[in-house]
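The chain contents come next:
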Amino acid sequence: MSTSATEREQRAPVSGPASTARSPRERWRALPSPLRHLLLAALALVVVTGLLLVTGDLTALRFAAVGYTMLSIAGLQLLVGGSGQVSLGHGAFMMIGAYTMALLVGNLPMLPLSANLVLVVVVATVAGVLVGAATARLHGPYLAGATLILAVGLPGLTHRYHEFLGGSNGLTVRTAGAPPFLQGLLSASEWKALVVWTTVVIGLAVLATVSTGRLGRRMRAIRDDETAAAMSGIPVGATKVVAFVIASAAGGLAGGLQVYVLGTATPSIFTLALSLTLLAALVLGGIGSMWGALWAALAVVYLEIWLSDAVRAFSLSRDVENNLPIVLFGVLLILVLRFQPLGFHGILQRLGARLRSGRH
Amino acid sequence: MTTTATEHLLTAEGITVRFGGLTALDDVDLRVRPGGVTGLIGPNGAGKTTLFNVLSGVLRPTSGTITWKGAPPSNRRTHHLARAGIARTFQGLNLFPLMTVLDNVAVGADRLARGGPLSLLTGLGRHHRDERELRERAMAALERFGVADTAYRLPGTLPYGVQKQVALARACVGDPELLLLDEPAGGLSGGQIGDLAAQIRELGRDMAVVLVEHHMDLVMEVCDHIVVLNFGRVISTGTPDEVRADPEVTRAYLGTTDDGNE
């Protein structure tokens, strides 16, 4: 599921004893990468379902939130960690997906959810192509600046087209719960969490396949050295646009899922702060690995809740109470960057390496 | 590896490059036959690297024409030239620092993968076979250059000489027909330069090699043909012996000190 996991698999034959004829690991690696990642996705879905059944209805919505946030951050991971382009407008693509979903559910209620999700991906892809092609020649801070404009400007559209997009109240839709034959087994939120996670693991399998395959290698080559990549025959501009489009599609799909769960899309959700939070969380979780996206999503969903609870325990004034979690998040980010630039996943990797070397 | 209907693999005619008021290259001609080693020498600032950048598509000449296998290349962009079979190494190596040595070299082989855009995006179709072949090719190239044991290391953790071999492997793994080497001997010790000379001659049997080099012993030893640049102009061409005997070259390049004449 992650680049680093595969790298570790590849490294194993060298560091370990000479590999035997056909170890299970080799047989696993001989499978085509889409199949491998879909199997891992199925496994992940089983784990999530198990957790969901154990924890019950109350946490289901938070589970769903972790799911779509993770998909969004995994897309950003491919863009920032994979191709080296920094986007400050990722939240804007979530917004495009969210509003597409809300409009589809509101205006074309006969469409099934799967068709809606496909259409959301199509719209986000088109938006990604338009923005990506326009910004293809921008590097580093200039690309960040251009995408920043998108993140700042797009929410304003909802006021400009008040009739159509609902202004600051946004759009509210009703999405169906579990189908009749499952109604005794699953609550509406549990069903939604399952639908979200099914979509998310498929999306993650696609992202992981891209990231560990030839395209991912091309992106990393461009991230590391554009001139050398071009001299190896890699189309630099086109590959960058493709990375941008894939990230946009993942962000859009995540936004669509968010509306499916929350039933509402408002401009106040998709502010610049969201884009910045996604990027900060990615750094916190660990850039360069898909696992980083999981830790990042957990941080986005749970850290703020935990920090708020912790702050409330000290019974401070309301102003302090509201802003302290954000400050603590920032402090945590600075500490991670200072002491562990590879993020939480870097810490885990180091611990894993120490455990393995201790065993030998 | 063979060219038909034309004797020259690459010809550059009347190449002129101006940076504002500075003329870096002035009406330079260069002909490269398939196979063999061509040396490009000249004092500092003579325009050697500029010519390299023109040949590899990094820099667009102010005027002049380039033909590749008898016809102008359909597209002068760097990655098109690379896909057409021109590879190069860099003075600063320019390895991909955060990718394993094996991946570094696999990138060089990318042009040989046959899967289309769809397989690239979805990982379906030829992708699996492409990946296996790229990996095998990269590994074979690492073995050929004697650095296979470093396959899963990061380039930055390796000694400079090993990094140079990785860079060579990355440039050669894609079976280029023309290999441009930018100062391959820079930073190497005497013994390593001897090995490098043998290596370059070996490479010259499979592909055309053009090298820019300051190290005169190496150039005289490995090159079949030498082009001497000074102040952006070609002042002499010929075999190593002819160039060595050319008084113009001695004046421009070697003549300043006696021991430089060696």
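From a predicted model like this one, the values you see are computed outputs, not experimental measurements.

Student: Mind laying out the overall build of chain A, listing which residues take part and the relevant values?
Tutor: Summing up its helical and strand segments, chain A has 16 helices and two strands in all. Dimensions along the principal axes, computed over C-alpha positions, put chain A at roughly 65 × 50 × 50 Å. Residue burial in chain A is summarised as follows: out of 360 residues, 48% are buried. Counting only contacts in chain A whose residues sit at least 6 apart along the sequence, the fraction spanning at least 24 positions is 78%.

Student: Please give an account of the sheet that holds strand β1 (residues 10-19) of chain B that cites residues and values.
Tutor: Residue and element names in this part refer to chain B. As summarised here, the arrangement of the three strands in space is β2-β1-β4, forming an open sheet in which the pairing is antiparallel. Strands with a single pairing partner mark the edges of an open sheet, and in this sheet they are β2 (22-32) and β4 (63-68). Strand-to-strand, the axes of this sheet are offset by a mean angle of 15°, without reference to chain direction. Where β1 lies against β4, five bridges are found, and the strand directions are antiparallel. Within the sheet, the bridge partner assigned to Leu-10 lies in β4 and is Trp-68. Against the sheet, helix α1 (residues 48-55) contacts β1 and β2, and its axis sits at roughly 120° relative to β1.

Student: Describe the sheet that holds strand β7 (residues 208-212) of chain B, and please don't skip the residues or the numbers.
Tutor: Residue and element names in this part refer to chain B. Sheet architecture is open: six strands sit in the order β5-β6-β7-β3-β8-β9, paired in mixed fashion. In the strand order of this sheet, the two ends are held by β5 (86-88) and β9 (233-238), each with one partner. Neighbour-to-neighbour, the strand axes of this sheet turn through a mean angle of 20°, independent of strand direction. Judged from the four bridges that link them, strand β3 (residues 37-41) and strand β8 (residues 225-230) form a sheet pairing that is parallel. Considered in β8, the bridge of Ile-41 is made with Val-228. α1 contacts β3, β6 (178-182), β7 and β8 of the sheet and is inclined by roughly 150° relative to β6.

Student: Pulling in residues and values, what's your account of the pairing of β1(B)?
Tutor: Residue and element names in this part refer to chain B. Sheet topology places β1 next to β2; seven bridges connect them, and they run antiparallel. Bridge pairing in β2 links Val-17 to Leu-25. Turn length for the β1-β2 hairpin, with the two strands adjacent in sequence and antiparallel, is two residues, and the turn residue Gly-20 shows positive phi of about 60°.

Student: How would you summarise the interface of chain A and chain B if you had to cite specific residues and measurements?
Tutor: With 28 residues of chain A at the contact, the number on the chain B side is 31 residues. Those elements that provide at least two residues to the side of chain A that touches chain B are α1 (3-15), α3 (33-55), α9 (188-212), α10 (214-224) and α11 (226-231) of chain A. With seven residues, α10(A) is the largest single contributor of residues to the side of chain A that touches chain B. Residues belonging to the side of chain A that touches chain B are distributed by class as follows: 13 nonpolar, seven polar and eight charged.

Student: Provide a residue-level description of the confidence of the model for chain A, including the pertinent values.
Tutor: Summarising the model, chain A shows a mean pLDDT of 87, and 94% of its residues fall at 70 or more. The model gives residues 1-19 of chain A a pLDDT under 50, and that stretch makes 25 contacts with residues more than four places away or in other chains.

Student: Go over the environment of Asp110(B), please, and point to the residues and values.
Tutor: Of note, Asp110(B) is situated in the loop between α3 (101-109) and α4 (117-122). Sequence separation of Asp110(B) and Arg170(B) is 60 residues, and the distance between their C-alpha atoms is 10 Å. Not counting residues up to four positions away in its chain, the partners in contact with Asp110(B) are Arg214(A), Arg218(A), Ser232(A), Gly233(A), Ile234(A) and Leu134(B).

Student: Tell me about unusual backbone geometry, and name the residues and values.
Tutor: All names here are of chain B. Notably, Asp-27 is not glycine yet its phi reads approximately 55°, a positive angle. Its identity as a non-glycine residue notwithstanding, Phe-231 has a phi of 45°, on the positive side. Along the chain, Phe-231 turns up in the loop between β8 and β9.

Reading the values: the criteria
- Residues numbered from 1 in each chain as written.
- Chains lettered and ligands numbered in written order.
- Predicted model: local features only at pLDDT ≥ 70, side-chain atom pairs only at ≥ 80, totals over all residues.
- Helix = DSSP H or I, 4+ residues; strand = E, 2+ residues; numbered from the N terminus.
- Buried ≥ 20, exposed ≤ 12 C-beta atoms within 10 Å, placed from the backbone.
- Contact = placed C-beta atoms within 7 Å.
- Pairing = 2+ DSSP bridges.
- Axes fitted to C-alpha atoms, helices over the stretch in contact; angles between N-to-C directions.
- Nonpolar A, V, L, I, M, F, W, Y, C, P; charged D, E, K, R; others polar.
- pLDDT = per-residue confidence, 0-100.

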